[in-house]
Amino acid sequence: SPIQTLAEQLPKAELHMHLEGSLEPELMFALARRNNVTLPYQDEAELRQAYQFANLQEFLDLYYAGMSVLLTEQDFYDLTWAYLEHCKRDNVTHTEVFFDPQAHVERNIPFEVQFNGIYRALCDGQNKLGISFRLILSFLRHLSEESAFETLELALPYLERIDGVGLDSSEKGHPPEKFERIFRRCRELGLRVTAHAGEEGPPEYVWQAIDGLQIDRIDHGNRALEDADLTAMIAERGLTLTVCPLSNYRLCVVDDMKKHPLLRMLDKGLHVTVNSDDPAYFGGYVNDNFRAIIDNLPITAEQVYRLARNSFEGSWLDDDAKRNAL
Ligand code: HPA
Ligand code: ZN
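Residues numbered from 1 in each chain as written. Chains lettered and ligands numbered in written order. Predicted model: local features only at pLDDT ≥ 70, side-chain atom pairs only at ≥ 80, totals over all residues.

### Details of helix 8 (residues 145-155)
Step number 1: Listed in full, the buried residues belonging to helix 8 are Ala148, Thr151 and Leu152. The arc enclosing the buried residues of helix 8, seen along the axis, measures out at 100°, which places them on a common side. Along helix 8, exposed side chains directed more than 90 degrees from the buried face belong to Glu146 and Glu153.
Step number 2: Buried-residue contacts for helix 8 involve helix 6 (101-105), strand 3 (132-140) and helix 9 (180-188). (Buried ≥ 20, exposed ≤ 12 C-beta atoms within 10 Å, placed from the backbone. Helix = DSSP H or I, 4+ residues; strand = E, 2+ residues; numbered from the N terminus. Arc of directions from axis to C-beta. Contact = placed C-beta atoms within 7 Å.)

See below:
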């Protein structure tokens, strides 16, 4: 359709993508062979069959298991490079990616091995594909505050090359207030801050992320809509929401793509963006997410432009780069 072509051809920024969630089954098996890791699946097809999730935790269990093949700097490079090639195809010209260092340090993969592979690929993406980037260290909220502080300690030598921090993993039972001190420390260090909030957790967690963590944007934020005062405040402040349509559908945050709240969010004046979250697990990259929206919601060309513009405006690019982007 013309509107899908418009969405595909517009330059876009992606603001919510977990590098480990871009590990496609084919690369997972290739790295398993390269590293002599045994996967509990016969082949790629059997692995894909397992990607049926009733909630966030069921996904996270497979997401952490899948990472077991990532051992060397080259593995992290190959993972990141494969994602950047998808960006190129989708005309994603700027990307702000998360990585989960604690999930690898726990497996005895040093921070420097992860960082060096990821960062070298991102620099190659900038130089060879023209894709600008920001790198976001995401803390795992099911782990302790102490573990987050230890991780920040490991990251200190690299902070010139890390732009911000995030908060991901199991949301229910792990409210943002658990991380107020580490986020304050990160802000003092000059880092940008974002957090997953209101994906499965209640509106109260979105309030906490905004007031307690002082976040620059909100990852997901769907359940903020349940609280009219919260919704109005987010609109008023112009906070960006990084919405992930296919993720929402595959994790049962919405039970039908035709009921996805994206257009309602736009109508309420929220600064919404479209993102892939974990593209290898949820059925696609940025343009696939636009297609899911366009096929199921009565979206207009103006709204597609608005989403693309929001993606750059909500990014951590400097003002000049934002103006030149679209
Ligand atoms: N939510 C929370 N944690 C995550 C996600 C997500 O969608 N993807 C990877 N870690
Ligand atoms: Zn996410």
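### Some details on the site of ligand 1
Step number 1: Around ligand 1, the neighbouring residues are His18, Gly21, Leu56, Tyr63, Asp168, Ser169, His196, Glu199, Ser247, Asp277 and Asp278.
Step number 2: Taken together, the residues that form the shell around ligand 1 break down as two nonpolar, five polar and four charged. (Near = placed C-beta within 6 Å. Nonpolar A, V, L, I, M, F, W, Y, C, P; charged D, E, K, R; others polar.)

### Details of the UniProt feature "binding site: Zn(2+)" (unreviewed entry) in the chain
Step number 1: Summarizing the sequence annotation, UniProt attributes the feature "binding site: Zn(2+)" (unreviewed entry) to His16, His18, His196 and Asp277 in the numbering used throughout. Across 262 residues, the annotated set stays spatially compact, with a maximum C-alpha separation of 11.8 Å.
Step number 2: Once you skip the residues sitting within four places of it in the chain, His18 turns out to touch Phe98, Asp100, Asp168, Asp277 and Asp278.
Step number 3: Relative to the assigned elements, His196 resides in strand 5 (residues 192-197).
Step number 4: With 27 C-beta atoms packed within 10 Å, His196 lands in the buried category.
Step number 5: Setting aside residues no more than four positions away along its own chain, His196 makes contact with Leu167, Asp168, Glu171, Asp219 and His220. (UniProt positions renumbered as here; feature names shortened; annotations may be inferred.)

### Things to note about the packing of helix 5 (residues 73-90) against helix 7 (residues 111-129)
Step number 1: The geometry of helix 5 relative to helix 7 is characterised by a closest axis approach of 7 Å and an angle of 30° between their N-to-C directions. For the pair helix 5 and helix 7, the sense of crossing is right-handed. Where helix 5 abuts helix 7, its residues Glu73, Gln74, Asp75, Phe76, Tyr77, Thr80, Trp81, Leu84 and Lys88 lie against Val113, Gln114, Asn116, Gly117, Ile118, Arg120, Ala121, Leu122, Asp124, Gly125 and Leu129.
Step number 2: Classifying every residue of the contact of helix 5 with helix 7 by side-chain character gives nine nonpolar, six polar and five charged. (Axes fitted to C-alpha atoms, helices over the stretch in contact; angles between N-to-C directions. Left-handed = near helix turned anticlockwise from the far one by under 90°.)

### A look at the sheet that holds strand 4 (residues 164-168)
Step number 1: Reading across from one edge, 1-2-3-4-5-6-7-8 is the order of the eight strands in this open sheet, with parallel pairing throughout. Both outer strands of the open sheet, strand 1 (12-18) and strand 8 (271-274), are each paired with one neighbouring strand and no more. Averaged over all adjacent pairs, the angle separating strand axes in this sheet is 25°, with direction ignored.
Step number 2: Examined bridge by bridge, strand 7 (residues 240-243) and strand 8 share four bridges and lie parallel to one another. Paired with Leu241 across the two strands is Val272, which belongs to strand 8.
Step number 3: Against the sheet, helix 7 engages strand 2 (92-99) and strand 3, with an angle of about 155° to strand 3.
Step number 4: On top of the sheet, helix 15 (residues 286-296) reaches strand 1, strand 2 and strand 8; it is set at about 115° to strand 8, its chief contact. (Pairing = 2+ DSSP bridges.)

### Section: the nonpolar core
Generally speaking, a soluble globular protein has its nonpolar side chains buried in company with each other.
Step number 1: Formed by 83 residues in total, the largest nonpolar core has its most connected members in Val97, Ile118, Leu135 and Ala209.
Step number 2: Top contributing element to this core by residue count: strand 3, with six residues.
Step number 3: In contact with Leu135, other than residues within four places in its own chain, are Val97, Ile118, Tyr119, Leu122, Arg161, Ile162 and Asp163. (Core = buried A, V, L, I, M, F, W, Y, C linked by C-beta atoms within 7 Å.)

### Observations regarding the environment of Val165
Step number 1: Mapping Val165 onto the fold places it in strand 4.
Step number 2: Looking at Val165, the number of C-beta atoms within 10 Å reads 28, which means it is buried.
Step number 3: Taking C-alpha positions, Val165 is 13 Å from Ala209, a pair spaced 44 residues apart along the chain.
Step number 4: Apart from residues lying up to four places away in sequence, Val165 is in contact with Ile136, Leu137, Ser138, Phe139, Cys186, Leu191 and Val193.

### Some thoughts on unusual backbone geometry
Step number 1: Of note in this structure, Asn91 is not a glycine but carries a positive phi near 55°.
Step number 2: Tracing the backbone through its elements, the reader meets Asn91 in the loop between helix 5 and strand 2.
Step number 3: A positive phi angle, near 60°, is found at Cys252, a position not held by glycine.
Step number 4: For Cys252, the position within the fold is in the loop between helix 12 (245-250) and helix 13 (262-267).

### What to know about the packing of helix 8 against helix 9
Step number 1: Between helix 8 and helix 9, the least distance of the axes is 9 Å, while the angle of their chain directions is 20°. By the angle between their axes, helix 8 is roughly parallel relative to helix 9. Crossing hand, helix 8 versus helix 9: right-handed. Seen from helix 8, the contacting residues are Glu145, Ala148, Phe149 and Leu152; seen from helix 9, they are Arg181, Ile182, Arg185 and Cys186.
Step number 2: Residues that form the contact of helix 8 with helix 9 fall into these classes: five nonpolar, no polar and three charged. (Parallel < 35°, antiparallel > 145°, perpendicular 65-115°, else oblique.)

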